[in-house]
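So the chains spell out like this:
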Amino acid sequence: MKIEFLNSCIANFISFLNANYQLVTQSYEMHKFYAEQQELCLVSFEEYFDDWAQANWELLVERVVCSNNESLVIYGSGSDYEAAAHSRVFFHNAEPTHKIICFAKYTVVDCLSKSKVDLTKFDFDAFVTFEGKLFDMAPPFDHVLLTEQGTVGCSYQQIVIPVEQINFGVQKIGI
């Protein structure tokens, strides 16, 4: 694991999301038009975006920081391009060996609940934007979405923290 590259790779990934979001939305509109014309199954924009984000996460972050026998937990919801057969775009059957962890630079306050949070109780999920009381998978991708660890089903807490309050690290899974 080349941890010394992690924070710069994540910064590059965020820049990539911001620089290319409009292109992926335009591409989706073309996909949507074609699917409707041909009466094909149309995926939602969220699924389309998830596939795109996962592919680029694997290329821009994972391939740079991981060795040949290492892989990261999927980004966000991962990819379901091949009918939910796997969540990765490359190396479909790779099992994650490491997960992204977030370290607070100082006391952090969740944008949703407005309360102080302990980041060690949450897993990194994705980058989002936050406005008012809601987050969205859209530019400027200046916040981190984290999900409560160890929860099953639909009862879990999510928190949103500004990116500038976070440093990123990795943790070997199973430790």
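This write-up is about the structure you can find in this document. The model shown is predicted, which means the values in this text are computed figures rather than measured ones.

### Some words on the sheet that holds strand S4 (residues 143-148)
So, point 1. Across the sheet, four strands lie side by side as S3-S2-S4-S5; this open sheet has antiparallel pairing. The open sheet has two edge strands, strand S3 (134-136) and strand S5 (158-162), and neither has a second partner. Each neighbouring strand pair of the sheet contributes to a mean axis angle of 50°, computed without reference to strand direction.
So, point 2. Taken together, the five bridges between S4 and S5 define a ladder with antiparallel strand orientation. Considered in S5, the bridge of leucine 146 is made with isoleucine 159.

### What about the side chain of glutamate 62?
So, point 1. Within the secondary structure layout, glutamate 62 lies in helix H2 (residues 45-65).
So, point 2. Among the polar contacts made by the side chain of glutamate 62, one reaches the side chain of arginine 88 at a distance of 2.8 Å.
So, point 3. In this structure, glutamate 62 is in contact with Trp57, Ser71, Leu72 and Arg88, ignoring residues within four places of it in sequence.

### Description of the packing of aromatic side chains
So, point 1. For the structure shown, the criterion picks out 19 aromatic pairs.
So, point 2. Between phenylalanine 127 and phenylalanine 168 the ring centres are 5.9 Å apart and the planes differ by 75°, which places this aromatic pair in the edge-to-face class. Here phenylalanine 168 lies in strand S6 (residues 166-172) and phenylalanine 127 lies in strand S2 (residues 122-131), a separation of 41 residues in the sequence.
So, point 3. Given the relative accessible area of 0%, phenylalanine 127 is considered buried.
So, point 4. Put simply, the rings of Phe16, Tyr21, Tyr28, Phe45, Tyr48, Phe49, Trp52 and Phe141 touch in pairs and so form one group of aromatic residues.
So, point 5. The side chain of arginine 63 reaches across the aromatic face of phenylalanine 90, ending 4.8 Å from its centre.

Scoring rules and cut-offs
Residues numbered from 1 in each chain as written. Predicted model: local features only at pLDDT ≥ 70, side-chain atom pairs only at ≥ 80, totals over all residues. Heavy atoms only, no water. Pairing = 2+ DSSP bridges. Helix = DSSP H or I, 4+ residues; strand = E, 2+ residues; numbered from the N terminus. Axes fitted to C-alpha atoms, helices over the stretch in contact; angles between N-to-C directions. Polar contact = N/O pair within 3.5 Å; in protein donor to acceptor, adjacent residues only side chain to side chain. Contact = heavy atoms within 4.5 Å. Phe/Tyr/Trp six-rings, centres within 6.5 Å; stacked < 30°, edge-to-face > 60°. Buried < 20%, exposed > 50% of the residue type's maximum accessible area, 1.4 Å probe, protein only. Lys NZ or Arg CZ within 6 Å of the ring centre and 35° of its normal.

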